[in-house]
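# Commentary on secondary and tertiary structure
The primary structure of each chain is shown beneath.
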Amino acid sequence: MSESYTGRINRKLQRKQKVIRAAAGKCKADLVLKNATYVSVFSGELRNADIAVTNGLIAGIGEYDGEKEVDMTGKIVCPGFLDAHIHLESSLVTPTEFVRAVLPHGTTTVVTDPHEIANVMGTDGIEYMLQATEGLPIDVRFMLPSCVPATPLDESGATLDYRAIDSFYEHPRVQGLAEMMNYVGTVAADEQVVEKIVAAQAHHKKIDGHAPGVKGKALNAYVAAGVYSDHECATAEEAIEKLELGQVIMIREGTAAHNLEALMPLLTDKYADRCMFCTDDKHPSDLLEKGHIDYIIKKAISMGADPILAIKVASTNAARYFRLNNRGAIALGYLADFAIIDNFENFTVEQVYKKGKLMFNNGKLKEFKAPEVDEFLTTRAHSTFKVDRLKPEAFKIDRPRGVLGMVPGELMTIDEGYATGVDVAEDILKIAVVERHNYTGHIGIGYIKGYGLKSGAVATSISHDSHNIIVVGTNDEDMAAAVNHIAENGGGITVFDGGRCIGDVKLGIAGLMSDAPLIDVNRNLEDAKARAFELGVSRSIDPFMTLSFMSLPVIPKLRLTTRGVFDVESQSYV
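Every value quoted in this text rests on a predicted model; they were computed, and no experiment measured them.

## Details of the UniProt feature "domain: Adenine deaminase C-terminal" (unreviewed entry) in the protein chain
Here the UniProt-annotated "domain: Adenine deaminase C-terminal" (unreviewed entry) positions come out as residues 415-571. Taken as a whole, residues 415-571 contains 22% helix and 31% strand, while its terminal C-alpha atoms sit 14 Å from one another.

Below you can see the structure in the form of structure tokens.
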């Protein structure tokens, strides 16, 4: 029998009374971090005191005794770090494996947008991720996908209007509406787009933005619509314009996009209060080799940012923006979420506490169980491919097609004109997007320059944001073989050459994530990357992540959809 309302109130009353008694020094705290040097984000300084914890909350700062006491001499206690915007699917592993990777780096809260899996599974994808993150030792908060599909040009596995997602706003871990990528529709006051914004506001929720390069009156219209943040700023000038118009800026440093260096001018007293850190997309190798939000803080400090200011951006600012009022600071009544580091120079996270429980201690992570996911949703997530087996003839071209020009280090492309065939010497390759959700048989075909492949084909079912199968190759035979291989595996990343699979990552959960441990996925991914580089793929790009964005028709200039090459700026096919 479920606990009654009166029972819940009484239990909470007793817990609160215990916190108050511990704060008043009338009883011992559950835990005391003795002799702590801690980051006071509100005064912008390091302070020294004992930090008392009871029932997972910070009960006292001063001199305290605890049932358990831990000496913090020589360490710095920071509030737990928050990632303001991430797609958990980008880690290529389950949420449980993601948490095992980032908790040791001091991350205690993430705000995720499950639009990758929602584009494949619709509302079942949102529910899958909610269940797969329930009770994990990192708080996983959600922003509901605003663009499924990203634009009406895409063919995804679902179409979600505001009615489809409205009931999810009542979930206690849902904070708002995720990145409004359809900035064209927003600025044009498109009815279906504005409906989603109005519905989110009716629930008093946040609305995140995605508007690369938008400025002037178009930006005014976008912000006036009610879009409160942006994570797509590539220059300080762009960020400051958006900030001055009222947006909060998410400074992004992930695997695909690296904006921290360009946005360092924001990490000053003048602008920092309106900034947060986010990763957006984070691949396994980055999580294993670099870290998470701690990596961004460390890098910002190395480039001259004030350490305490950087920590505030990584914790307090995101908590305040998302109205997570009991975290992001070492202050009374806040959650006892701590990242304990050696010093600001090395910025090595040595211990992590979540709600007062030690979860990571000098290289050792405390074990925890993966949440249970409904059997129907699990089965559904492992059977998302509805595409017929292809023959090489499916990639034949009967007329000139547009050429997507890749830009090293950027997600944007340039228009490289037209091509009539593959020319390896000139780095002109064939690229195709194969619809895989509804047996339509639709295949968009074009050309791409700057990828560098000299032989074979590379394909992936991670193809933002509709996640059809995207493939690039030097010949039709390897392209067809690679696509068929991915479909047979139920999703993944593959490298083919001479009709033979030479690199393979199986992603059986919606074609986006693996059931395997992160370290195994990373090993297979790095091996596949090595095979792709051996076939000539430019080492200035990530062979798979960069390719995955070539089908997203909200980033200028040219993209490829299942219907052909599309000019994002003119909103027309070429």
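## A short note on helix α2 (residues 95-102)
The buried fraction of α2 amounts to 7 of the 8 residues, a majority that puts the element mostly inside the structure. Three or more residues of α2 are buried, namely Pro95, Thr96, Glu97, Phe98, Val99, Ala101 and Val102. Where the residues of α2 are buried, they touch β6 (81-86), β7 (107-112), α4 (123-132), α10 (284-289) and α16 (518-534).

## Quick look at the sheet that holds strand β11 (residues 229-230)
Pairing is parallel across the open sheet formed by 3 strands, whose spatial order is β11-β12-β13. Strands with a single pairing partner mark the edges of an open sheet, and in this sheet they are β11 and β13 (275-278). Alignment of β11 against strand β12 (residues 248-252), held across 2 bridges, turns out to be parallel. Counted as the bridge partner of Ser229 is Val248 from β12.

## Some points on the sheet that holds strand β27 (residues 564-567)
Judged by pairing direction, the sheet is antiparallel, and its 3 strands sit side by side in the order β26-β27-β28 without closing on themselves. Of all strands in the sheet, those with a lone pairing partner are β26 (558-561) and β28 (572-573), marking the two edges. Inspection of the sheet shows β27 paired to β28 by 2 bridges, in the antiparallel sense. Within the sheet, the bridge partner assigned to Phe566 lies in β28 and is Tyr573.

## Remarks on the pattern of salt bridges
Counted by the stated rule, this structure contains 28 salt bridges. Here Asp139 makes a salt bridge to Lys354, at a shortest N to O gap of 2.9 Å. Here Lys354 lies in strand β15 (residues 349-354) and Asp139 lies in strand β8 (residues 139-144), a separation of 215 residues in the sequence. For Asp139, a relative accessible area of 12% gives the class buried. By relative accessible area, which is 6% here, Lys354 ends up buried. Among the charged side chains, a network of salt bridges with common partners joins Asp139, Arg327, Asp337 and Lys354.

## Some thoughts on the domain arrangement of the protein chain
Size of an interface: often given as the accessible area lost when the parts come together. Domain assignment breaks the protein chain into domain 1 (80-326) and domain 2 (380-573). Computed from C-alpha coordinates alone, the two centres of domain 1 and domain 2 are separated by 26 Å. Tallying the contact residues gives 37 residues for domain 1 and 50 residues for domain 2. Three residues stand out in domain 1 for area buried against domain 2, namely Leu92, Leu153 and Glu155, and they jointly supply 22% of the buried area on that side. For the pair domain 1 and domain 2, the interface holds 1 salt bridge. Between Arg380 and Asp124 there is a salt bridge, and its shortest N-O distance comes to 3.0 Å. At the boundary of domain 1 and domain 2, one finds 14 residue pairs in polar contact (both at pLDDT 80 or more).

## Here we look at the environment of Tyr5
As for its position among the elements, Tyr5 is in helix α1 (residues 5-23). With 460 residues separating them along the chain, Tyr5 and Asp465 place their C-alpha atoms 42 Å apart.

## Comments concerning the pairing of strand β5 (residues 76-79)
Side chains of β5 alternate between two faces, with Ile76 and Cys78 and Val77 and Pro79 buried alike. Here strand β1 (residues 29-40) pairs with β5 via 2 bridges, running parallel. Within the sheet, the bridge partner assigned to Thr37 lies in β5 and is Ile76. Pairing between β5 and strand β14 (residues 338-341): 4 bridges, direction antiparallel. Each residue of the ladder has a partner; that of Val77, found in β14, is Ile340.

## What about the UniProt feature "domain: Amidohydrolase-related" (unreviewed entry) in the protein chain?
In the numbering adopted here, UniProt assigns the feature "domain: Amidohydrolase-related" (unreviewed entry) to residues 76-358. In residues 76-358, the share of helix is 33% and the share of strand is 20%. The end C-alpha atoms are 16 Å apart.

## Describing the side chain of Ser463
As for its placement among the helices and strands, Ser463 is situated in the loop between β22 (457-460) and β23 (469-473). Side chain to side chain, Ser463 and Ser551 meet in a polar contact 2.6 Å long. What Ser463 contacts, discounting residues up to four positions off in sequence, is Asn468, Ile470, Ser548 and Ser551.

## Details of unusual backbone geometry
Geometrically, the link from His464 to Asp465 is a cis peptide bond, its omega value of -10° lying close to zero. Position of Asp465 among the secondary structure elements: in the loop between β22 and β23. That bond from Pro556 to Lys557 is cis: its omega, 0°, falls within 30 degrees of zero. Phi is positive for Phe347, which is not a glycine, with a value near 50°. Mapped onto the fold, Phe347 is located in the loop between β14 and β15. Positive phi, close to 60°, is recorded for Ala510, a residue that is not glycine.

## Examining the environment of Lys196
When you line up the elements, Lys196 lands in helix α7 (residues 191-202). For Lys196, a relative accessible area of 10% corresponds to the buried category. As a C-alpha pair, Lys196 and Tyr162 span 34 residues in sequence and 4.9 Å in three-dimensional space. Discounting chain neighbours no more than four positions away, the residues touching Lys196 are Ser146, Cys147, Val148, Leu160, Asp161, Tyr162, Tyr169 and Leu177. Here Ser146 takes part through its backbone oxygen, which lies 2.7 Å from a polar atom of the side chain of Lys196.

Conventions used here
- Residues numbered from 1 in each chain as written.
- Predicted model: local features only at pLDDT ≥ 70, side-chain atom pairs only at ≥ 80, totals over all residues.
- Heavy atoms only, no water.
- UniProt positions renumbered as here; feature names shortened; annotations may be inferred.
- Helix = DSSP H or I, 4+ residues; strand = E, 2+ residues; numbered from the N terminus.
- Buried < 20%, exposed > 50% of the residue type's maximum accessible area, 1.4 Å probe, protein only.
- Contact = heavy atoms within 4.5 Å.
- Pairing = 2+ DSSP bridges.
- Salt bridge = Lys/Arg side-chain N within 4 Å of Asp/Glu carboxyl O.
- Domains from an automatic or database assignment.
- Buried area = accessible area lost by both parts, 1.4 Å probe.
- Polar contact = N/O pair within 3.5 Å; in protein donor to acceptor, adjacent residues only side chain to side chain.

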